[in-house]
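Coordinate inspection notes
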Amino acid sequence: MEAVSGHGGRSLRHVAVIMDGNGRWARERRIPREAGHRAGAEAVRRTLAASLEQGVPYLTLFAFSSENWRRPEPEVDNLMGLLRHHLRHEKTNLIEKGVRITFIGDRRGLGHDVSRLMADVEQDTAGGEALTATVAFNYGARNEIVRAARAMVEECMTAGLEPCCIDERRFAGRLDTHSLPDPDLIIRTGGERRLSNFLAWQGIYAELVFLDVLWPDFGGEHLASAISEYHRRDRRYGKITAS
């Protein structure tokens, strides 16, 4: 997939977004939190369309964290219902637009119907070449790293590998994101300035852009602004800037 080029030939392949602020958006309007989540789903549609328009090859959206199970049961049930609804009703549109959907996170904690819908959407959209959109659902970076470590231990035991055979490349191949490039840019909406257990391994060199806009109000102009900010920054990866 092509990358978004900026000044000096710098490219951007992968944008990740922490979608924060649905609840506060609803509270400011004195409407139920569920309405905030529905409005947040509309923002997802806008962001997918804007990513296609901007030529972003990879987009990852943090939709439901492993900590979100601590929320009230009716809210969790509503979020699961929203996911089921959109997986069923958006698939045809995604296929037509060339969007490939993938999921990261621990599916063992999800119901059989949700897991089956995820697998079906992944299979049916696998031919999409315009944009790979990854949904982080029941995802936590620490959980992901622990699961990858377990997989590495099991491989060492079954294949008779020595611990010295474990390197960054081999370990990264056991992460949920093994088929994705590391994110170049991580955007967080809602005004908070933290990563909240999101892409801890993959995001170590990502540029971070924090926006005060609440997620339901996020649109193409905000994505474009964040991408412009990314291209204005000087990424050195430990090197000295050329004078």
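What you see is a predicted model, and the numbers here were worked out from it, not measured in a lab. (Residues numbered from 1 in each chain as written. Predicted model: local features only at pLDDT ≥ 70, side-chain atom pairs only at ≥ 80, totals over all residues. Heavy atoms only, no water.)

With respect to the sheet that holds strand β7 (residues 185-188)
Stated precisely, the cut-off is as follows: The pairing criterion for strands is at least two bridges between them, as found by DSSP. Each helix is a run of H or I in the DSSP string that is no shorter than four residues. Each strand is a run of E no shorter than two, and both are numbered from the N terminus. Fitting a line to C-alpha atoms yields each axis, with helices limited to the stretch in contact; the angle taken between N-to-C directions then spans 0 to 180 degrees. The contact definition used throughout considers only heavy atoms, calling two residues in contact when any of these lie within 4.5 Å.
One open sheet holds the six strands; their spatial order is β5-β6-β4-β3-β7-β8, and the pairing between them is parallel. Both outer strands of the open sheet, β5 (99-104) and β8 (207-210), are each paired with one neighbouring strand and no more. Each adjacent strand pair in this sheet contributes to an overall mean axis angle of 20°, direction not counted. Where β7 and β8 come together, four bridges link them in parallel fashion. Within the sheet, the bridge partner assigned to Arg-188 lies in β8 and is Phe-210. Where helix α4 (residues 112-124) meets the sheet, its contacts fall on β5 and β6 (131-139), and the angle it forms with β5 comes to roughly 145°.

Notes on the pattern of salt bridges
Short version of the rule: The salt bridge criterion pairs a side-chain nitrogen of Lys or Arg with a carboxyl oxygen of Asp or Glu, the two atoms within 4 Å. Using a 1.4 Å probe on the protein chains alone, a residue whose accessible area is under 20% of its type maximum counts as buried, one over 50% counts as exposed, and one in between counts as partly exposed.
Inspection of every chain in the model, using the stated rule, returns 21 salt bridges. Put simply, Glu-28 and Arg-29 hold a salt bridge, and the shortest N to O gap is 3.8 Å. With relative accessibility at 59%, the residue Glu-28 sits in the exposed group. Glu-229 is paired through a salt bridge with Arg-232; the nearest N and O atoms lie 2.8 Å apart. You can see Glu-229 and its partner Arg-232 sitting in helix α7 (residues 220-232), three residues apart, about one turn around the helix. A cluster of three or more residues bridged by salt bridges with shared partners is formed by Glu-207, Glu-229, Arg-232 and Arg-233.

Focus: the nonpolar core
Our working rule: Grouping buried Ala, Val, Leu, Ile, Met, Phe, Trp, Tyr and Cys residues that are joined through side-chain atoms within 4.5 Å yields what is termed a nonpolar core.
Core analysis: the largest hydrophobic core is formed by 40 residues, its most contacted members being Val-15, Val-17, Met-118, Phe-137, Leu-185 and Ile-187. Counting residues per element, this core draws most heavily on helix α3 (residues 73-97), which supplies six residues. Residues within four places of Met-118 in sequence aside, it is in contact with Leu-83, Leu-87, Phe-103, Arg-107, Leu-110 and Phe-137. One finds Tyr-139, Ile-186, Phe-198 and Leu-199 within the second-largest nonpolar core, a separate group that totals eleven residues.

Treat this as a map of the structure, not an account of what it does.
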